[in-house]
Amino acid sequence: TDRTGAGRIVLVGLGLVLVGMLSFTQVSADSSYLLLGFSQFTLGLGMGATMMPAMSAAYQTLTHNEVPRATSTINIIQRVGGAIGATMLSVILSHQLASHIPGATASSGLAAAQRIGTSASPAVRETLVGQVAASFGATFWWSVGLVLLALIPALFLPRRLPPPPVDILTGEPDEEPVAVGAAV
């Protein structure tokens with residue numbers, strides 16, 4: 001990111017995340033484990049090409065005095081955002097399961113899906129496994145939507161290295177660039 005700017009790398013990374021997510025929207029009861037593994041690998045590459053360059057871009061514009069507060073803020077945003085996202089997708093999945101599995105309610109969708117493997121006859125299990133897969137596929141469409149929303153701020157990331165930050169106290173360029181991951 002030091003030579004090209006984070007914007008280019010993050011957009012490629014989000015493209016890879018999008019490809020991985022789109023393949024999960026097509027999951028079925030007989031989806032290949034190889035396809036699922038390749039999709040996860042693609043997601044991992046995309047996340048790696050998205051998260052670290054975005055963080056580097058955030059830190060590149062900071063002076064040394066601003067780094068401690070920014071680090072705390074970014075950590076809080078990541079923790080809260082991750083919790084909200086996981087909760088939201090769990091609720092969506094539960095509702096999808098309730099709408100696909102007969103007799104399941106929105107509050108018991110996940111429990112109904114877990115009981116399929118232990119209490120259903122083989123014929124019923126085969127039918128319901130397809131319904132569970134459809135529920136997961138529909139939930140991943142929401143994830144695709146979230147990735148598409150992430151493209152909006154990614155478009156505003158710098159496409160080249162920004163100028164060194166200016167110290168707000170002295171008004172002069174900060175002489176030592178902030179090294180991401182360095183001790184403060």
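As a reminder, the structure under discussion sits directly above these lines.
So, how was this worked out
All residue numbers refer to positions counted from 1 along the written sequence of the respective chain. Local features are withheld for residues below a pLDDT of 70 in this predicted model, meaning they are given only at 70 or higher, and side-chain atom pairs are given and counted only at 80 or more; totals for whole chains, interfaces and linings count all residues. Side-chain measures were taken over the full set of non-hydrogen atoms in the model, leaving aside hydrogen atoms and water. Like charges are joined within 9 Å and nonpolar side chains (Val, Leu, Ile, Met, Phe, Trp, Tyr) within 5 Å, but only among residues with over 30% relative accessible area and no salt bridge; these make up the patches. In these tables, accessible area is a Shrake-Rupley quantity obtained with a 1.4 Å probe, and a residue counts as shielded only by the protein chains included in the view. Each salt bridge in this description consists of a side-chain nitrogen of Lys or Arg and a carboxyl oxygen of Asp or Glu lying within 4 Å of one another. To qualify as a helix, a DSSP run of H or I must reach at least 4 residues; to qualify as a strand, a run of E must reach at least 2; elements of each kind are numbered from the N terminus. Each residue is placed in one exposure class: buried if its accessible area under a 1.4 Å probe, protein chains only, is under 20% of its type's maximum, exposed if it is over 50%, and partly exposed if it falls in between. Note on ring pairs: Phe, Tyr and Trp rings are taken, using the six-membered ring of Trp, and paired if centres are within 6.5 Å. Classes follow the plane angle, with under 30 degrees stacked, over 60 edge-to-face and the rest tilted. In this text, buried Ala, Val, Leu, Ile, Met, Phe, Trp, Tyr and Cys residues form a nonpolar core when linked through side-chain atoms within 4.5 Å. Here, two residues are considered to be in contact whenever any of their heavy atoms come within 4.5 Å of each other.

### A look at a nonpolar patch on the surface
- On the surface, Met88, Leu146, Leu149, Ile152, Leu155 and Phe156 cluster together into a nonpolar patch covering about 620 Å² of accessible area.
- With three residues, helix 5 (residues 122–154) is the largest single contributor of residues to the nonpolar patch.
- The topology assignment puts Leu146 in helix 5.
- On the basis of relative accessible area, Leu146 is assigned to the partly exposed category, the value being 37%.

### Describing the packing of aromatic side chains
- Counted according to the given criterion, the structure contains one aromatic pair.
- Each ring, one from Phe24 and one from Phe140, has its centre 5.0 Å from the other, and the planes form 20°; the classification is stacked. In this pair, Phe24 sits in helix 1 (residues 6–25) while Phe140 sits in helix 5, placing the two residues 116 residues apart along the sequence.
- On the accessibility criterion, Phe140 (22% relative accessible area) is partly exposed.

### Re the nonpolar core
- Counting residues in hydrophobic clusters, the biggest one holds 15 residues, and the most contacted among them are Val10, Leu14, Val17, Met21, Leu43 and Val147.
- Elements that contribute at least two residues to this core include exactly helix 1, helix 2 (33–60) and helix 5.
- Top contributing element to this core by residue count: helix 1, with seven residues.
- Residues contacting Val147, with those up to four places away along its chain left out, are Leu14, Val17, Leu18 and Met21.

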